[in-house]
Amino acid sequence: MAADKQNEAKVSPMDENKENLSDGGLGLEILQIIKESQQQHGLRHGDYQRYRGYCSRRLRRLRKTLGFKMGNRHKFIGKKITVEMLSDSRYLLLVLMEAERAWSYAMQLKQEANTEPRKRFHLLARLRKAAKHSEKLEKLCESHRVDAKTKLEAQAYTAYLSGMVEFELQEWKRAMEAFNKCKTIYEKLASAFTEELAVLYRQRVDEISPNIRYCAYNIGDQNAINDLMQMRLTGGGGGMMAEKLEALITQARTKQAATMSEVEWRGRTVPVKIDKARIFLLGLADNEAAIAQASNEETKEHLYETLLAECRDTIQAVREELKSEAQRERSTDADSGKVSNLQFLHSYLTYIKLCTLVKRNESMAHTLQDKLKEPETDESKRGPRPQDLIRLYDIILQSLAELSTLQGLEDDHTFQKEVSLKTLVYKAYRCFFIAQSYVLVKKWSEALVLYERVLKYAKEVQSKAKSLNNSLKDLPDVQELIAKVNAEKYSLQAAAILDTDETAEVPSQQQVKDNTPLCNRLETFRLDPALVGKQPNLVQFPPDFQPIPCKPLFFDLALNHVAFPPLDDKVEQKGKGGLTGYIKGIFGFGS
C-alpha cells in the first residue's frame, strides 16, 4: 500500500501536466491517463482490486484539492458536476476516475464469478454504472469549453464501456455497433496525432478487434471464426475474450464430436464413447497446427500449456471410467489377458501427453541454445547456462521412460525400438551439454571423456536408425551433433594446453619456498617441474631417527625346570618361639 502511494505521488504531477488548457479549451488525455494508471497500479499483473483502491484514493485527493467534498464525516450531501463548473480539467478527471473505479470493480467480480456465479449480477450492475459515468463524461465534454480531441476520446470511451455492457448481456448486434464506433474513432485519432499517441490508439483497436469478430460470429457470420482462430495464433484476444474464444472452440468441437465413434492407433481400432475424449481428439490436429504456425515463443508456450491441460482433463475422465469398469469386472469375475479398449485409449492419451511434453521441452531447449550462442550484453543479468539445458533433457528422458511402460505396448517391438532410439538421441544431447558445463569450469579431462560418450551414442543411433527411418523425422539431427563435438574437442585440447602453460608458472615460483618432499604432500595436487628433473624431491634423506623397542639379551628358559631347596626347618624355628620368645625379645632376656 505504501509503495502504491509513492507511485501515485510520482504519477500525479505528470498527469496534471496532461490535464492542461489547450488553445481550444480544456483538454484531457483520457486513454493515455487510464493506460498509464492501469499499468502502474496493478493491471500489469491482472490485479483489479489494487487498481480499484488506487482509483478510490485518487478520487478522494481530487475532491479535496477541488473543494468538492460530498458532505462531512457525519452526513452525505450529493453533488453533481455541471457544465458551468468546468473551469479546471480536473473536474473531468474526477468523472473519469469514477467510471474507472466502477469498471475495475466489475472486472474483479468477473474473476470471482468463475467460482461464485451469483456475483455475475453484481458485475453487470457495476458495468452499467461505469457506462453511466462515461455518458456523464461525454455530456460534459460536449461543452464549448472542451477541445475537439477530448470530445472524441470521451465518445470512444463511452462506446467502449457500452459495448462491454452489451457484450456481457449477449446483445451481439448492439455490442458490435458500439465496438465499431469506438474502433472508428480511435483509428481516426491515430492518423491525426503524433506517433506516441498513435501507438496507444492502435493498441486499443487491437484489443477491440477480437470482440467485434466474436459478435459477428454470434450474429451469423461464419467467416469470423477463421479470423478469431488467427487472432488466437498471434496472441490476440486476451483477458475476457480468451475465455469466450476457448468456449467457442469447444462448442464447435462438441457439434463435430457426435460424428466421431472410433480412433485407430498402432494397428488397433478403439471405440471412443467418452464425449470429453471425442472433443479432445477432434481438436488435436488443430492444436498441433496452431502450435506449428505460432508467431513467437510466448504464444507457442501458451498453446502447449493449453493442449496439456486439455489432455490431463481427458485422461482424468478416462481414468474415472476405468475405475467403474474395474468394479464391474470384479462383480462379473471377468478376467482376460488382453488389454481392454478403454485401457488402450488411456494409453493412447498418455502417449499424446508425453509426446507433447517432449516437444515442448525440446522447443524450449532450442530457444535456450539460440540464446547461448548470443553474446552477453548485460553482465549484471544471468544468462542461460548449459545446466539449464541438462534439466530440460532430463525431463525429456523421464517422459520417454514412461512411454516404454505404457500398457498394451509391451509386446510392440517396433514401438519399443523407436522409444529406445529417441532415448539414445536425447542422451547424446544431454551428455553434450554436461560436457559443456565441465568446459566452463575448466575440467578438461572430464569434458573430453563426455565428448567421446556423445560420439558413442551418436554412432549407435546411426547404426540403429537404418531400419527405423520414419522415427528420425521429428528428432534432432545427430550428424550435426557429431560435427559440433568434433569441433569442440579440438577447441578443448587447445584450451587445456594453454591453461596448463599458464598455471605451471605459479607453482614454479612457489617451489623455492616450499621444500616439502612428495611423500608428505600426496593429498595436494601441484604441478612441480622439479619432480621430472635430475634431483627430484621425493622423500627426506637421510631419514630422521625413530625410537624402537630394544632386543632382549637372553631368554630365561630354565626357570620352569629348577627345583628350589626345602625351607621347612626355617619356617618351624620361627613358629617355635611363639609368645615367650616375643616377650624375651622385648625385655632383653634372650640376649
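Relevant structure appears above.
Residues numbered from 1 in each chain as written. Predicted model: local features only at pLDDT ≥ 70, side-chain atom pairs only at ≥ 80, totals over all residues. Heavy atoms only, no water.

(A) Structural view of the overall build of the chain. Summing up its helical and strand segments, the chain has 18 helices and four strands in all. Looking at the chain as a whole, 41% of its 591 residues are labelled buried. For the chain, the exposed surface amounts to about 36200 Å²; the carbon and sulfur share of it is 53%. (Helix = DSSP H or I, 4+ residues; strand = E, 2+ residues; numbered from the N terminus. Buried < 20%, exposed > 50% of the residue type's maximum accessible area, 1.4 Å probe, protein only. Areas by Shrake-Rupley, 256 points an atom, 1.4 Å probe, with all protein chains shown as cover.)

(B) How the structure looks around the environment of E446. With respect to the helices and strands, the residue E446 is situated in helix 16 (residues 444–464). Of the residues examined, E446 reaches a relative accessible area of 36% and is grouped as partly exposed.

(C) Region of the structure containing the packing of helix 14 (residues 386–403) against helix 15 (residues 413–440). The contact between helix 14 and helix 15 brings their axes to 9 Å, and the two run at 165°. Taken together, the axes of helix 14 and helix 15 lie roughly antiparallel to each other. Here the hand of the crossing between helix 14 and helix 15 comes out left-handed. Of the residues assigned to the contact of helix 14 with helix 15, the class counts are 15 nonpolar, four polar and four charged. (Axes fitted to C-alpha atoms, helices over the stretch in contact; angles between N-to-C directions. Parallel < 35°, antiparallel > 145°, perpendicular 65-115°, else oblique. Left-handed = near helix turned anticlockwise from the far one by under 90°. Nonpolar A, V, L, I, M, F, W, Y, C, P; charged D, E, K, R; others polar.)

(D) Spatial organisation of the nonpolar core. With 72 residues, the main nonpolar core has L281 and L345 as its most contacted residues. Within the residue set of this core, elements represented by two or more residues are strand 3 (262–265), helix 11 (275–292), helix 12 (297–332), helix 13 (341–373), helix 14, helix 15, helix 16 and helix 17 (478–510). Of all the elements, helix 15 adds the most residues to this core, at 13 residues. In this structure, L345 is in contact with V263, V270, V272, L281 and V318, ignoring residues within four places of it in sequence. I33, I34, A99 and L200 belong to the second-largest nonpolar core, a separate cluster that totals 66 residues. (Core = buried A, V, L, I, M, F, W, Y, C linked by side-chain atoms within 4.5 Å. Contact = heavy atoms within 4.5 Å.)

(E) Quick peek at the pairing of strand 3. Judged by which residues are buried, strand 3 turns out to be one-sided: V263 and W265 face inward and are buried, whereas E262 and E264, on the alternate face, are not. One ladder, built from four bridges, connects strand 3 with strand 4 (residues 268–271); its direction is antiparallel. Among the inter-strand pairings, E262 is bridged to a residue of strand 4, identified as P271. Taking the residues that link successive antiparallel strands as the turn, the strand 3-strand 4 hairpin has two residues, and the phi of R266 there is positive, at about 55°. (Pairing = 2+ DSSP bridges.)

(F) Looking closely at the pattern of salt bridges. For the structure shown, the criterion picks out 19 salt bridges. The partner of R63 in a salt bridge is E98, with the nearest N and O atoms 3.0 Å apart. Residue R63 is found in helix 3 (residues 48–66), and its partner E98 is found in helix 4 (residues 90–112); the two are separated by 35 residues along the sequence. Given the relative accessible area of 16%, R63 is considered buried. Ionic pairing is found between E305 and R360, a salt bridge with its closest N-O pair at 2.5 Å. Here E305 is found in helix 12, whereas its partner R360 is found in helix 13, with 55 residues between them in sequence. Exposure remark for R360: the relative accessible area of 14% places this residue in the buried category. Among the charged side chains, a network of salt bridges with common partners joins K35, R204 and E207. (Salt bridge = Lys/Arg side-chain N within 4 Å of Asp/Glu carboxyl O.)

(G) Up close: the packing of helix 13 against helix 14. Axis separation between helix 13 and helix 14 bottoms out at 9 Å; the angle between their running directions is 165°. One element, helix 13, and the other, helix 14, form an angle in the roughly antiparallel class. The way helix 13 lies across helix 14 gives a crossing that is left-handed. From helix 13, Y351, L354, C355, L357, V358, N361, E362, M364, A365, L368, Q369 and L372 reach across to helix 14, where they touch P386, D388, L389, L392, Y393, I395, I396, S399, L400, E402 and L403.

(H) Looking closely at the packing of aromatic side chains. Counted according to the given criterion, the structure contains 18 aromatic pairs. Consider the rings of Y48 and W103, whose centres lie 5.8 Å apart with planes at 75°: the pair is edge-to-face. Here the residue Y48 occupies a position in helix 3, and W103 occupies one in helix 4, the gap between them amounting to 55 residues. Note on accessibility: Y48 and W103 belong to one class, buried. Feature note: the residues Y393, Y426, Y429, F432, F433 and Y451 constitute an aromatic cluster, connected by ring pairs. Here the basic side chain of R52 rests over the ring of Y105, its NZ or CZ set 4.0 Å away from the ring centre. (Phe/Tyr/Trp six-rings, centres within 6.5 Å; stacked < 30°, edge-to-face > 60°. Lys NZ or Arg CZ within 6 Å of the ring centre and 35° of its normal.)

(I) Local environment of unusual backbone geometry. A cis amide bond links F541 to the next residue, P542, at an omega of -5°. Along the polypeptide, P542 turns up in the loop between helix 17 and helix 18 (568–587). In this structure, Q170 is a non-glycine residue whose phi angle is positive, near 60°. Positive phi, close to 65°, is recorded for K442, a residue that is not glycine.

(J) Summary view of helix 5 (residues 119–141). In this model, helix 5 (23 residues) spans 33 Å end to end at C-alpha, consistent with the 33 Å of a helix rising 1.5 Å per residue. Residues L123, L124, R126, L127, A130, A131, H133, S134, L137, E138, L140 and C141 constitute the buried set of helix 5. (Expected span 1.5 Å × (residues − 1).)

These figures capture arrangement, not role.
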